[in-house]
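# Survey of secondary and tertiary structure
One letter stands for each residue in the lines below.
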Amino acid sequence: TRKFKKLPSFSSPTVDLLKEEDYYQVCGFGYDKDRDDYKVVKVVCSLDEDYRPSGSEVIVYSVKTESWKSIGEFQGGFPSVGDCGCLVNGRLHWELHNAGWDFNVVFLDLATETFGSLDLALKTNGGTGISGRNGFRSDLGTFGGSLCFVCKNYRDHFVELWVMKEYGVGESWTKVLSV
């Protein structure tokens, strides 16, 4: 479209008090079809003295209203550094790594600006069982319009691609590729 928009800065007492080395940010972008609006989501995660996430603030910019607003804390944990929200079904999705290398998928519904979670039931579908092993990395993405999960194990040299065939149904995760 050859159009662009420079977003105004957002001032927040929570964020403004942090020094640059005391937080990290992740983002997301998507279309809210219910309101015919594009939205930018910024998640600011504060870090404690050991550089572990200790708090968060979620800020949403609406192109239609040309304004930012805070919608509270990120729900369910903390997104990983560098992750961008993955847009599927009008929702931005983030993979959360919790203690013990368990994985959860948390989403922000762009229409209602509320959080929810999805079951990442890969093990129940004959999953790799590689959680917690050295050299393991994973990413969320889209594949054919569906949510997908890429499991990479650099130590044992393999990659798997899982696709959620029926959105919201944990048992529908299907391994479509193993290399």
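Look up a bit, the structure's there.
For the structure given in this document, a descriptive report is provided here. (Residues numbered from 1 in each chain as written. Predicted model: local features only at pLDDT ≥ 70, side-chain atom pairs only at ≥ 80, totals over all residues. Heavy atoms only, no water.)

## Topic: the layout of surface pockets
- Taken as a whole, the second largest pocket holds about 150 Å³ of empty space.
- Forming the walls of the second largest pocket are Arg35, Asp37, Lys39, Val60, Ser62, Lys64, Thr65, Ser67, Trp68, Lys69 and Glu113.
- Looking at the lining of the second largest pocket element by element, the count peaks at three residues for strand S4 (residues 67–72).
- Grouping the constituent residues of the lining of the second largest pocket by class yields two nonpolar, three polar and six charged. (1 Å grid on protein atoms, 1.4 Å probe; cavity = no way out; pocket = protein on both sides within 12 Å on 5 of 7 lines; lining within 4 Å. Points joined across faces, edges and corners; volume = space filled by probe spheres on them. Helix = DSSP H or I, 4+ residues; strand = E, 2+ residues; numbered from the N terminus. Nonpolar A, V, L, I, M, F, W, Y, C, P; charged D, E, K, R; others polar.)

## What about the packing of aromatic side chains?
- With the rule as written, the count across this model stands at six aromatic pairs.
- A centroid spacing of 5.9 Å and a plane angle of 5° characterise the contact between Phe29 and Tyr38, whose relative ring orientation is stacked.
- Residue classification places Phe29 among the partly exposed residues on the basis of a relative accessible area of 49%.
- Grouping aromatic residues by their ring pairs yields a cluster made of Phe10, Tyr61 and Trp68.
- The residue whose ring lies beneath Lys42 is Trp68, and the NZ or CZ to ring-centre distance is 5.6 Å. (Phe/Tyr/Trp six-rings, centres within 6.5 Å; stacked < 30°, edge-to-face > 60°. Buried < 20%, exposed > 50% of the residue type's maximum accessible area, 1.4 Å probe, protein only. Lys NZ or Arg CZ within 6 Å of the ring centre and 35° of its normal.)

## A look at the environment of Leu110
- Counting through the fold element by element, Leu110 comes out in the loop between strand S7 (103–109) and strand S8 (114–118).
- Residue class for Leu110 comes out buried when judged on its relative accessible area of 1%.
- Spatially, the C-alpha atoms of Leu110 and Val41 are 9.1 Å apart, while their sequence positions differ by 69 residues.
- The contact partners of Leu110, leaving out residues within four places of it in the chain, are Gly30, Tyr31, Asp32, Lys39, Val41, Leu87, Gly90 and Leu92. (Contact = heavy atoms within 4.5 Å.)

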